Amino acid sequence: MSQPIHRFLHGIFPAVCILFVVAGILSPAAAQNPRWTIGMSQCNLGEPWRVQMNADIRKAAESHPEIRVVFKDAQNDNLRQVAHIEEFVRAGVNVILISPKEAAPLTKPVSAAFKKGIPVIVLDRRILGNDYTCFVGADNRRIGKAAGKWIVKTLGGKGKIVELKGLMTSTPGQDRNAGFREGIKGSSLEVIFEADMKWLEPNARKEMESALARFPKIDLVYAHNDPGAHGAYLAAKAAGREKNTIFVGIDALPHEGQMYVKQGVLAASFEYPTGGKEAIEAALSILAGKKVPKEITLSSRVFTRENIDKGGEWLSN
Ligand code: FRU
């Protein structure tokens with residue numbers, strides 16, 4: 001090797017490379033150099049629906065190198081989620097996304113962040129009051145009412161019902177309950193057993209065991225989410241009674257509720273879209289200086305054995 005080439009390969013060239021790497025020129029992550037940081041606080045990642053929400057957020061953000069999303073998991077702990085919001089404020093993120101565990105404990109930190117001028121997008125479960133920039137979610141009252149009406153029709157106006165409620169200190173639990181009661185009003189349906197299963201399948205299974213022990217006849221279980229409906233089904237199956245009961249849930253994830261409907265485990269599942277994509281779109285609008293609506297209401301479908309192959313049916317108003 002000639003002297004100048006040798007000197008280039010062993011001396012100047014590596015030095016220049018190191019310089020480029022340090023400057024971030026050869027590093028793809030740094031090359032993107034996101035201009036904005038979005039902090040996302042998820043109340044838990046123990047449930048498939050929430051994993052899907054984060055995946056939807058990640059996917060929507062992927063095509064926007066100008067943003068970076070920092071994800072945090074509160075592990076179903078309000079205090080941890082309060083700390084997330086405070087950390088995001090201290091770190092000076094540009095937008096906060098939050099899917100809160102419960103309304104009351106998260107209201108104060110969200111309000112404080114909002115009042116400091118940080119835009120806050122609340123997803124799926126609400127906080128109390130109006131101190132947030134935008135709420136993204138489907139109308140749980142409407143879903144509950146549609147479920148009630150569907151159940152009245154399916155049972156011919158009468159029957160014995162078990163209602164397994166979502167966490168009643170979270171707004172979807174309250175709305176899915178109130179909407180359902182509105183939907184069955186005037187019928188002869190009788191709610192013979194109700195319990196708060198806090199959105200969790202093992203709790204739903206236990207509550208259903210109690211209901212089965214107390215009531216020889218249960219025509220239908222209305223659960224506020226599909227894991228709850230599935231837990232109830234498992235309890236009924238263990239008691240050899242699953243064939244005499246109809247199970248209805250909410251969420252309709254393709255690999256969860258929709259699959260249960262296909263398998264004949266659930267008679268119906270009402271879709272609850274995650275809103276992940278819409279939340280990123282709203283964040284991008286805010287960052288571009290545009291005004292976003294206070295409420296972004298997502299539509300929902302019902303999936304039944306009859307319509308699932310056609311992609312379900314949209315709920316009417
Ligand atoms: C997941 C979940 C969903 C439900 C939603 C309501 O944590 O329980 O099953 O639709 O939360 O906020």
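Placed above this text is the structure.
Residues numbered from 1 in each chain as written. Predicted model: local features only at pLDDT ≥ 70, side-chain atom pairs only at ≥ 80, totals over all residues. Heavy atoms only, no water.

1. Quick look at the site of the ligand
Worth spelling out the cut-off: Throughout, the term near means that a residue has one or more heavy atoms lying within 4 Å of the molecule or strand in question. Polar contacts here mean pairs of N or O atoms no more than 3.5 Å apart (in protein, one a potential hydrogen donor and the other a potential acceptor; neighbouring residues in sequence count only if both atoms are side-chain atoms). Residue-level accessible areas treat just the shown protein chains as cover; the underlying method is Shrake-Rupley with a 1.4 Å probe. Under the DSSP-based scheme used, a helix requires at least four consecutive residues in state H or I and a strand at least two consecutive residues in state E, with every element numbered from the N terminus. Residue classes follow a fixed rule: Ala, Val, Leu, Ile, Met, Phe, Trp, Tyr, Cys and Pro count as nonpolar, while Asp, Glu, Lys and Arg count as charged, and any other residue, Gly among them, counts as polar.
Every residue close to the ligand is listed here: Glu-47, Trp-49, Arg-50, Asp-124, Arg-125, Pro-172, Arg-176, Trp-199, Asn-225, Asp-251 and Tyr-272. At 2.9 Å, a side-chain N or O of Glu-47 approaches an oxygen atom of the ligand. Between the ligand and Asp-124, the relevant distance is 2.6 Å, taken from an oxygen atom to a side-chain nitrogen or oxygen of the residue. Surface burial for the ligand is 99%, taken as the share of its 310 Å² of free accessible area covered by protein chains. Breaking the shell around the ligand down by element, the ones donating at least two residues are helix H3 (48-62) and helix H7 (171-184). Residues of the shell around the ligand, tallied by class, amount to 4 nonpolar, 1 polar and 6 charged.

2. With respect to unusual backbone geometry
Filter applied, for reference: Whether a residue is buried, partly exposed or exposed follows from its accessible area with a 1.4 Å probe, protein chains only, as a fraction of its type maximum: under 20%, in between, or over 50%, in that order.
Phi is positive for Asp-124, which is not a glycine, with a value near 65°. Looking at where Asp-124 falls in the secondary structure, it is placed in the loop between strand S4 (120-123) and strand S5 (134-138). Even without glycine at this site, Trp-199 takes up a positive phi of about 75°. Among the secondary structure elements, Trp-199 is positioned in the loop between strand S7 (188-196) and helix H8 (201-214). Residue Trp-199 is classed as buried on the basis of its relative accessible area, which comes to 5%.

3. Some remarks on helix H9 (residues 226-238)
Since one α-helical turn is 3.6 residues long, residues separated by three or four positions face the same way. Heads up, the condition is: The span one expects for a helix is its residue count, reduced by one, times 1.5 Å. Any two residues whose heavy atoms approach within 4.5 Å are treated as being in contact.
Its 13 residues place the ends of H9 18 Å apart at the C-alpha level, agreeing with the 18 Å of an ideal helix rising 1.5 Å per residue. Most of H9 sits out of view: 10 of its 13 residues are buried. Listed in full, the buried residues belonging to H9 are Asp-226, Pro-227, Gly-228, Ala-229, His-230, Gly-231, Ala-232, Tyr-233, Ala-235 and Ala-236. In this structure, the buried side of H9 is in contact with strand S6 (158-165), H8, strand S8 (220-223), strand S9 (246-251), helix H10 (257-263) and strand S10 (268-271). The N-cap residue of H9 is Asn-225: its side-chain oxygen and the backbone nitrogen of Gly-228 are 3.0 Å apart. A positive phi of about 70° marks Gly-240, the residue just after H9.

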